[in-house]
Amino acid sequence: MIVGKYKYVGKRITRIDARPKVDGSLKYPSDLYENGMVWGRVLRAKYPHAKIRSIDTAEALRLPGVVTVLTHKDIRGINRFGIERQDQPVLAEDRVRYVGDAVALVGAETKEIAEEALDLIKVDYEPLPLLTDPRDALKDNAIKLHDGGNIVHELHFTRGDTARGFEGADVVVEHTYRMQMMDHAFLETEAGFASVDRDGVLTIQSCGQYAFRDQTQIARALNYPQEKIRMIEPYTGGAFGGKDEITVQILLALLALKTGRPCKIWFSREEHFISCTHRHPVEIRMKTAARKDGTLVAHEVWALQDGGAYATLSGPVLCLVVEHCCGPYLIPNLRVDGWAVYTNNGMSGAFRGFGATQAHVAMESQMNIIAEKLGMDPLQLRLKNAIRRGDTFGIGQEMVLAFGFDASLERALAHPVWRDREKIRRALDDGTVKNRWKRRGIGVACSIQGSGLGKGLPDYAATTIELNRDGTVNLYQGTIEIGQGSYTGITQVAAEILDLPMEKIHFIGADTGRTLDSGTTTASRVMYAAGQATLLAARNFVAKIKDVAAEKLGVTAGTLLNGDGAVRTGDGKGALTYAEIARAAKEPVRAEGVFNIPVADREFSMGLPHLYEQNILENGYFKNTGLSTYIVPSSWEAPEIETCPVEIPDETGPFGARSVAEVVTTPTAPAILNAIYDAIGVRFTELPVTPEKIIAALEKIK
Amino acid sequence: MISVTFTVNGKTVTVGTSPTRTLLDLLREELGLTGTKEGCGKGECGACTVLLDGKAVTSCLVLAAQLEGREVLTVEGLASDRIGKALQDSCVESGAVQCGYCIPGFLMAARALLQENPHPTLDEIKEGLSGNLCRCTGYAKIFDGVRLAVRRLAK
């Protein structure tokens, strides 16, 4: 926080959405129902890879209560979607590439009838050979999953001369790390509600992470005028990247247009597991060299990322794997080669950390291995190589803005857990029966990740503030509240500038009909970008109300003071409340603020779950599709966490703020891997690590 | 089709329904009480937890035919209850709410816990809430919320 006295910013404030969430009144997308609505259910592919010879819907259509059964033949547009590359069919045509592919869409009077109808659709499949090993995808003779081949994206970068770097080094370590597929497992599965009015205007209230892009994707896939599509997506029950790509939206639009009735689609938990995007499985080989004094001199990285059946965000995720392959360290000689490929293994896309997570598991393990070989304190090794403000590092990112990595390392070095780690580790070696089988390890890991989308991509946010006749204001902001608390943070920013109590600010979230496009709710960018846009909008708003008041009071605007819902003259003799200003204004008082994230190579930036969760696939089929087989941490696994914030204000952010979201979740898994090694001397290079794997590893040592 | 009469948040309701319809669907689709959430439909996540005759149950596993004459408390009725209101207030203040989708289920499970054990230890709170999943908070602030409610109720 930039030093200063604030009324709202930096204060512990109750979330604006907390009360309606604890009393059950807040409507999530899955909470919308209407009499006479149609329930949609999706028929998913029977095989992970097959040709579709024919689809027969006649029997399903005869089932009483079935309203419609739709296939690709009912779609007029390109029938494709995808954030980066439109290669995924809304409804499959002649081929399916993973078990989550949508083949047909049933609309029925009840969800039970819709479910029953799915069994009556006859699809004639011809199973095709599978591509499930991403290494095979790179081979010339591999079966091709898409016309353009199996490579979604590849990146190659060199700086300096790694061969020479290795020659002059005292220590070279080389390991291969394998990170697993993981599920977002948000509590509200994908859901939405659609209706169409007499003018053909579609209104879709759904889960999502970018209402304006969803609108474009629907228009493109169905060839429906974009201006006739209104997306409303303010709240959703968790997302973590998993609702960034299209889920229910296009299917909802199709069903509403075909039936003319209100429609609801809500994926089951099992359907979520098999159809949605996941965290990418990535294999990373790293060869890293250092001199005796700890200076890193060379680093070679080979990365292979399994994207599954369709592109979605595989390309950008690979970019982040590559960008983060050096961690937050300066290494003069670097070579990195990375590929993202198609397979029949489900589908992977955005997930908290977005590739940085996987890269850090590898790099932070390498750092500890090197530290041990050199007999160095692993934190000192990191400090020695730490990037600092002004540095150019990694694949050429420039650290131009506020950066507190070295300060964070100094803080960690001084922390009692690190200082007294020997004592803490040995505390269990007391010979008691209770502690006889226990070992304790202390681990450390670091991470770096930025706020925003990255160089070359338009990255902006816009906020509108308007005055109501009762003296309250409406704040329109097009980003989405997925649980991170940004609607509250943005309101705090507005309250501070307007000097208006938070309860007098009505927040209107993501709605393409009312809010301006503010980009995606991803990449740890919302508090930074939308927060700053709101600050600018609020300043513009204050200027406007001062103008109105100045005219009414017969003074110059520059002499007026704003505060507590009123504008006063400097001498305190004249004053107008916001409500009076609203009445005095000749036209509605409305101000906008737009913020573009500065064009700079800002380094970009679910920890514990990464350690032990895994989507298990066999031959393209998901084996654990429920929350009793895909185990997420429960209250028993909740760790105690102590946070020691190191605050370095970012002069470009609202009141010095920068989003925190992803970067703090990334080091958790490698820190625990390092702690496991510290405790039992076994180095795990493959995630997940489960109790069973640890026992098996200990058996081997014996 | 059967007709069942039971009470929800103190009000008597009679609904005509299939005997295998779940309590969760009745609440959400027939009675408009969407505060009770569905996260899995299989009793695995706890999001649909309500109180049935004072005991916490996952409403997706309770069928209509089991409801005759019984008493259901949902999150919408929680504010009229001393323990429930304290839990709601404490969870708001402690920052236990993020995306908030799991919170109604947690509040109901915590309400059942505090009814049986007004002074739970941290481990007893963890045990009492172990049937409810949360993906945002890491649970710590939910525990804080329950402990704050315990302290307030003791006064």
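If you're wondering where the values come from, they're calculated on a predicted model, not measured in any experiment.

Rules used in this analysis
- Residues numbered from 1 in each chain as written.
- Chains lettered and ligands numbered in written order.
- Predicted model: local features only at pLDDT ≥ 70, side-chain atom pairs only at ≥ 80, totals over all residues.
- Helix = DSSP H or I, 4+ residues; strand = E, 2+ residues; numbered from the N terminus.
- Rg over C-alpha atoms; globule rule 2.2 N^0.38 Å.
- Buried ≥ 20, exposed ≤ 12 C-beta atoms within 10 Å, placed from the backbone.
- Contact = placed C-beta atoms within 7 Å.
- Nonpolar A, V, L, I, M, F, W, Y, C, P; charged D, E, K, R; others polar.
- Pairing = 2+ DSSP bridges.
- Axes fitted to C-alpha atoms, helices over the stretch in contact; angles between N-to-C directions.
- Domains from an automatic or database assignment.
- Expected span 1.5 Å × (residues − 1).

## A few points about the overall build of chain B
Alright, step 1. Looking only at helices and strands, chain B has 5 helices and 5 strands in total.
Alright, step 2. The C-alpha radius of gyration of chain B comes to 15 Å, within 12% of the 15 Å expected for a compact globule of 155 residues.
Alright, step 3. Projecting the C-alpha coordinates of chain B onto the three principal axes gives extents of approximately 45 × 30 × 25 Å.
Alright, step 4. A total of 155 residues make up chain B; the buried ones form 56% of that total.
Alright, step 5. At a minimum sequence separation of 6, the contacts of chain B that also span at least 24 residues come to 59%.

## Concerning the interface of chain A and chain B
Alright, step 1. On the side of chain B, 36 residues touch chain A, which itself brings 35 residues to the contact.
Alright, step 2. With 4 residues, helix H1 (residues 18–22) of chain A is the largest single contributor of residues to the side of chain A that touches chain B.
Alright, step 3. Among the residues forming the side of chain A that touches chain B, the class breakdown is 14 nonpolar, 12 polar and 9 charged.

## Considerations on the sheet that holds strand E14 (residues 263–266) of chain A
Residues and elements named next belong to chain A.
Alright, step 1. The sheet built from 7 strands is open, its strands ordered E3-E7-E1-E14-E11-E12-E13 with mixed pairing. Bordering the open sheet on either side are strand E3 (66–70) and strand E13 (229–232), each of which pairs with just one other strand. With strand direction ignored, the average angle separating the axes of adjacent strands in the sheet is 20°.
Alright, step 2. As judged from the 6 bridges shared by strand E1 (residues 38–44) and strand E7 (residues 102–108), these two strands associate in the antiparallel manner. Across the sheet, residue Gly40 finds its bridge partner in E7, namely Gly107.
Alright, step 3. Contacting E1, E3 and E7, helix H3 (residues 111–118) crosses the sheet at an angle of about 25° to E1.

## Considering unusual backbone geometry
All names here are of chain A.
Alright, step 1. Omega for the peptide link from Leu687 to Pro688 comes to 0°, which places this bond in the cis form.
Alright, step 2. When you line up the elements, Pro688 lands in the loop between helix H19 (668–680) and helix H20 (691–701).
Alright, step 3. The phi dihedral of Asn223 is positive, around 55°, even though this residue is not glycine.
Alright, step 4. Mapped onto the secondary structure, Asn223 falls in the loop between helix H6 (211–222) and E13.
Alright, step 5. With a phi close to 60°, Phe240 is a non-glycine residue in the positive phi region.
Alright, step 6. Note on placement: Phe240 falls in the loop between E13 and helix H7 (249–259).
Alright, step 7. Residue Phe240 is classed as buried on the basis of its 29 C-beta neighbours within 10 Å.

## What to know about the domain arrangement of chain B
Residue and element names in this part refer to chain B.
Alright, step 1. If you check the domain split of chain B, you get domain 1 (2–76) and domain 2 (77–154).
Alright, step 2. Relative placement of domain 1 and domain 2: their C-alpha centres are 21 Å apart.
Alright, step 3. Counting residues at the interface gives 19 residues for domain 1, matched by 15 residues for domain 2.
Alright, step 4. Looking at the side of domain 1 that touches domain 2, the elements that each hand over two or more residues are strand E3 (49–52) and strand E4 (55–58).
Alright, step 5. By residue class, the composition of the side of domain 1 that touches domain 2 is 8 nonpolar, 8 polar and 3 charged.

## Some points on helix H16 (residues 526–553) of chain A
Alright, step 1. An ideal rise of 1.5 Å per residue puts 40 Å on 28 residues; H16(A) measures up with 39 Å between its terminal C-alpha atoms.
Alright, step 2. Just downstream of H16(A), Gly554(A) is the residue with a positive phi angle, here 70°.

## Thoughts on the environment of Gln397(A)
Residue and element names in this part refer to chain A.
Alright, step 1. Looking at where Gln397 falls in the secondary structure, it is placed in strand E19 (residues 397–398).
Alright, step 2. On the basis of neighbour counts, which here come to 22 C-beta atoms within 10 Å, the residue Gln397 falls in the buried class.
Alright, step 3. Considered as a pair, Gln397 and Glu323 are 74 residues apart in the sequence and their alpha carbons are 8.2 Å apart.

## Considerations on the pairing of strand E15 (residues 282–290) of chain A
Residues and elements named next belong to chain A.
Alright, step 1. Pairing between strand E10 (residues 171–179) and E15: 9 bridges, direction antiparallel. Its bridge partner being in E15, Met179 is matched across the sheet by Val282.
Alright, step 2. The sheet contact formed by E15 and strand E16 (residues 296–306) spans 9 bridges and is antiparallel. Within E16, the position partnered with Lys287 by the bridge is Glu300.
Alright, step 3. Between E15 and E16, which pair antiparallel in sequence order, lie 5 residues; one of them, Gly294, sits at a positive phi of approximately 100°.

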